[in-house]
Amino acid sequence: MNLRDTLILSFTTVASYRTRSLLIVLAMALGVAAVVVLTALGDGARRYVVGQFSSLGTNLVIVLPGRAETTGGFPGAALGQTPRDLTLEDARFVGQLPQVRRYAPLNVGVAELTAGGRLREVTVLGSTAELLPIRSMKLAQGSFLAHGSERSAQIVLGSQLAREFFPDGKVIGQRIRLGDSRFLVSGVLAVQGESMGFNSDEITIIPIAYAQELFNTESLFRILVEARSRNAIEPAKAAITHVLKLRHDGEEDVTVITQDAVLETFDRILRALTLGVAGIAAISLAVAGILVMNVMLVAVAQRTSEIGLLKAIGATAADIRRLFFAEALWLSLAGGAIGFALGHFGAWMIRLAYPLLPAWPPTWASVAGVATALLTGILASLLPAARAAKLDPVLALSGK
Amino acid sequence: MIRLSAITRVFHMGGQEVRALNSISIDIASGEYVSIMGPSGSGKSTLLNVIGLLDRSDSGHYELDGTDVTDLSENERARVRREKIGFVFQSFHLVPRLTAAENIALPLILEGLAPAERKSRVDAALDAFDLRDRAHHRPAELSGGQRQRVAIARATILRPTALLADEPTGNLDHRIGAEVMALLEGLHHAGTTLIVVTHDRELGARAHRHIAMRDGEIVADEK
Ligand SMILES: Nc1ncnc2c1ncn2[C@@H]1O[C@H](COP(=O)(O)OP(=O)(O)OP(=O)(O)O)[C@@H](O)[C@H]1O
Ligand SMILES: [Mg+2]
């Protein structure tokens, strides 16, 4: 019997046992779809997080006051001792390091923004001109804080705030009141949306000196540092730690984090999670495989006399084996294909429901899902097919 | 040409030995028309199965068309069955999912014939067995006589040298049974060796050679 006829004959068989075939195909399809959808979710989450971190800026090193204890706890919560403040002077020293391309000191607080009878509480960032390139932010209009402008009362508005306070679109050069001080709007940020739980469309940015005055503080919230290159990140981190230790009387009371390390950890964790989830989904496929095996064994038992007949009219053991094998192949092929489509449809639905989540099924997962379906189907058919091929024709014909 | 020498087939049933065939020796020439009769359990079906290479003997020798087929491998036996033997069973043994035409085509598919060649042969068989208008019916939609005609068409589609029928009329009423026998006899007239196992004396008497069995032995062999 040639391949084509084997496939056709086994297809007729599969098609005529409709309910049974549908059940198997469904089980297989759900398994494959689970692999595709779950990996799409996992990988989507990974890409989302990585994307969020990357949008913070490249080669970013962040300095924050307080020591991150190796015994746990978090920055600033070191046992007993209050960490020494991080000052503008500290930032300037960091900026002098050869490994550092640029730096931006940062203060954050909340203040009331008033203009044209409108009033609203907003998040205020105090920084310098370098904040723009370091955080890779973009301007929609006007200019950012001017270089060396710590003493000129400029303000940059998030796009949402600009729209709210100046609906007519004339923003640049307008006066606006923040807290008790007056500012001149110099620029508007481009729409960026939410990033790291922080909506940059609703922030204002003012020169660091004004911010420290406004919040009545000398200490910085962060120093954002951009290393010269990817390779300079670790040396920069070491140099920053060293210089600040010297400046703080030999106390290592700051924490320096590199986003690469954070990013890599998240990347690794989420990759592992995706793999784990894919593995669990693959187990459901193995269960489907066991179902296929059971159903095929029942089929062999039910079709015993038919197998005997085929042998009587001259089918070889190999013919019989291939027929059952091909049946499993059809079933798992259909299951794999439908599951693939179902999974991609599911991922599409997720993307519709959560547009922020890039829930694209990874290619490896789709391939692995379908391949696992085929493999389990084929493996599951080996035993039943061998059993059918081994049947004694005389006994089989009598239905025993 | 079928030549059995001292063929013995023993079954073991719960520690008990059943000699289904006890040292049977017969020659059946090509083109003969033989009936095998005997009480239930006398070994008729077993003999037919050994002749048709469905079953193996435990001892003795079997020569078919001049070649020793006693010790052929499973694959070779399958090939010989396909090429030289046609089986007709009491219970028809049609594949329920396939139409009459598809059932008839099965041996051609196993043989690996091209679809076009298959179609012309099946069409000829449908005509020869008066099944033209039943070609696309499934076995469940056919009468007993039609089913057995499909089975005979399938058994003879590859022009076997020997046609082995085990109570081919057992599930048919008398009139239809006689029609089926006439069909088989027509094939015999065309040159096929015909061996029929039957309980029906009248039908058995129509053969040209009558073999009677009892307890696994041939007790009479008359022409
Ligand atoms: N697979 C088997 N296992 C055990 N005993 C068997 C087997 N096949 C046949 N026999 C025994 O061998 C003997 C001959 O059986 P066989 O089927 O050839 O008889 P038969 O003449 O065809 O009978 P019937 O007219 O009832 O069909 C019987 O005693 C039967 O019980
Ligand atoms: Mg019998």
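The coordinates are above.
In short, a report on the structure. (Residues numbered from 1 in each chain as written. Chains lettered and ligands numbered in written order. Predicted model: local features only at pLDDT ≥ 70, side-chain atom pairs only at ≥ 80, totals over all residues. Heavy atoms only, no water.)

Looking at helix H3 (residues 100-111) of chain B
For the record, the criterion: The buried label goes to any residue with under 20% of its type's maximum accessible area, the exposed label to any with over 50%, and the partly exposed label to all in between, with areas taken from a 1.4 Å probe on protein chains only. Only DSSP runs of H or I covering at least 4 residues are called helices, and only runs of E covering at least 2 are called strands; the numbering of each starts at the N terminus. When checking whether two residues touch, look at their non-hydrogen atoms; a contact exists if any pair is within 4.5 Å.
Within H3 of chain B, 10 of the 12 residues are buried, which leaves it mostly tucked inside the rest of the structure. Looking at the packing, one finds that the buried side of H3 of chain B touches helix H1 (3-16), helix H9 (304-312) and helix H10 (317-353) of chain A together with helix H2 (74-84), helix H4 (115-128) and helix H5 (144-156) of chain B. Of the residues trailing H3 of chain B, Gly 112 of chain B is marked for its positive phi of about 85°.

Focus: the packing of aromatic side chains
Residues and elements named next belong to chain A. This is how it is decided: Stacked, tilted and edge-to-face are the three classes assigned to paired rings of Phe, Tyr and Trp, where Trp is represented by its six-membered ring and a pair needs centres within 6.5 Å; plane angles under 30 degrees give stacked, over 60 edge-to-face, the rest tilted.
Counted by the stated rule, this structure contains four aromatic pairs over all chains. Measuring from ring centre to ring centre gives 5.4 Å for Phe 183 and Tyr 210, while their planes differ by 65°; the resulting arrangement is edge-to-face. Of the two residues, Phe 183 sits in strand S7 (residues 181-189) while Tyr 210 sits in helix H6 (residues 208-214), which places them 27 residues apart along the sequence. Residue classification places Phe 183 among the buried positions, given a relative accessible area of 2%.

Notes on the pattern of salt bridges
Where we set the bar: For this document, the term salt bridge refers to a Lys or Arg side-chain nitrogen within 4 Å of an Asp or Glu carboxyl oxygen.
Within the structure shown, the criterion is met by 35 salt bridges over all chains. In this structure, Glu 111 of chain B engages Arg 82 of chain B in a salt bridge whose closest nitrogen and oxygen atoms are separated by 2.9 Å. Of the two residues, Glu 111 of chain B is situated in helix H3 and Arg 82 of chain B in helix H2; the sequence distance between them amounts to 29 residues. Residue Glu 111 of chain B is classed as partly exposed on the basis of its relative accessible area, which comes to 31%. Owing to a relative accessible area of 13%, Arg 82 of chain B belongs among the buried residues under this scheme. One salt bridge connects Lys 119 of chain B with Asp 123 of chain B, and the closest N-O pair in it is separated by 2.8 Å. Placement of the pair is Lys 119 of chain B and Asp 123 of chain B together in helix H4, with a separation of four residues, close to one helical turn. Connected through salt bridges with shared partners, the residues Asp 43, Arg 46, Arg 47, Asp 267 and Arg 271 of chain A form a single ionic network.

Focus on the nonpolar core
Using the following cut-off: Only buried residues count toward a nonpolar core. Its members are Ala, Val, Leu, Ile, Met, Phe, Trp, Tyr and Cys residues joined through side-chain atoms within 4.5 Å.
Formed by 71 residues in total, the largest nonpolar core has its most connected members in Ile 2, Leu 4, Leu 47, Tyr 62 and Ile 195 of chain B. Here this core takes seven residues from helix H8 (residues 259-302) of chain A, the largest share from any one element. In this structure Leu 47 of chain B touches Leu 4, Leu 21, Ile 24, Ile 26, Ile 36 and Met 213 of chain B, once residues within four positions along its chain are discounted. Listed in part, the 36 residues of the second largest apolar core include Phe 92, Phe 129, Val 150 and Leu 203 of chain B.

Things to note about the layout of surface pockets
Counted only if it meets this: Each cavity reported here is a set of points on a 1 Å grid over the protein atoms alone in which a 1.4 Å probe fits but cannot get out, each pocket an open set with protein on both sides within 12 Å along at least five of seven lines, and each lining residue one with an atom within 4 Å of a point. Grid points are joined across faces, edges and corners, and a volume is the space filled by probe spheres set on the points. Polar here means any residue other than Ala, Val, Leu, Ile, Met, Phe, Trp, Tyr, Cys and Pro, which are nonpolar, and Asp, Glu, Lys and Arg, which are charged; Gly is therefore polar.
If you add up the space inside the largest pocket, you get close to 900 Å³. Looking at the lining of the largest pocket, the elements with two or more residues in it are helix H12 (393-397) of chain A together with strand S1 (2-13), strand S2 (16-28) and helix H1 (44-51) of chain B. By residue class, the composition of the lining of the largest pocket is nine nonpolar, 14 polar and nine charged.

Things to note about the site of ligand 1
Going by this rule: Put simply, a residue is near a molecule or strand once any heavy atom of it comes within 4 Å of that molecule or strand. Polar contact is the term for a pair of N or O atoms within 3.5 Å; when the atoms are in protein, one must be able to donate a hydrogen and the other to accept it, and sequence-neighboring residues count only if both atoms are side-chain atoms. The Shrake-Rupley method, run with a 1.4 Å probe, gives the accessible areas here. Residue values count only the displayed protein chains as cover. A cavity or pocket is said to hold a molecule if more than half of that molecule's atoms lie within 2 Å of its grid points.
Surveying the vicinity of ligand 1 reveals 15 residues, the closest of which are Ser 40, Gly 41, Lys 44, Ser 45 and Thr 46 of chain B. Neighbouring residues of ligand 1 are not confined to a single chain but are spread across chains A and B. Between ligand 1 and Ser 42 of chain B there is a distance of 3.2 Å, counted from an oxygen atom to a backbone nitrogen or oxygen. A distance of 3.3 Å is found between an oxygen atom of ligand 1 and a side-chain nitrogen or oxygen belonging to His 199 of chain B. Burial of ligand 1 by the surrounding chains reaches 70%, relative to a free accessible area of 630 Å². At a threshold of 2 Å from the grid points, most atoms of ligand 1 map onto the largest pocket. When contributions to the shell around ligand 1 are tallied by element, the ones reaching two or more residues are S1, S2 and H1 of chain B. When residues of the shell around ligand 1 are assigned to their parent elements, the largest contribution, three residues, is made by H1 of chain B. Its residues assigned to classes, the shell around ligand 1 comprises six nonpolar, seven polar and two charged.

Considerations on the environment of Leu 310 of chain A
Along the polypeptide, Leu 310 of chain A turns up in helix H9. Among the residues examined, Leu 310 of chain A registers a relative accessible area of 8% and is labelled buried. As a C-alpha pair, Leu 310 of chain A and Gly 346 of chain A span 36 residues in sequence and 44 Å in three-dimensional space. Among all residues touching Leu 310 of chain A, those that are not within four sequence positions of it are Ala 315, Ile 320 and Leu 323 of chain A together with Leu 106 and Leu 110 of chain B.

Purely geometric stuff here, so don't read any function into it on its own.
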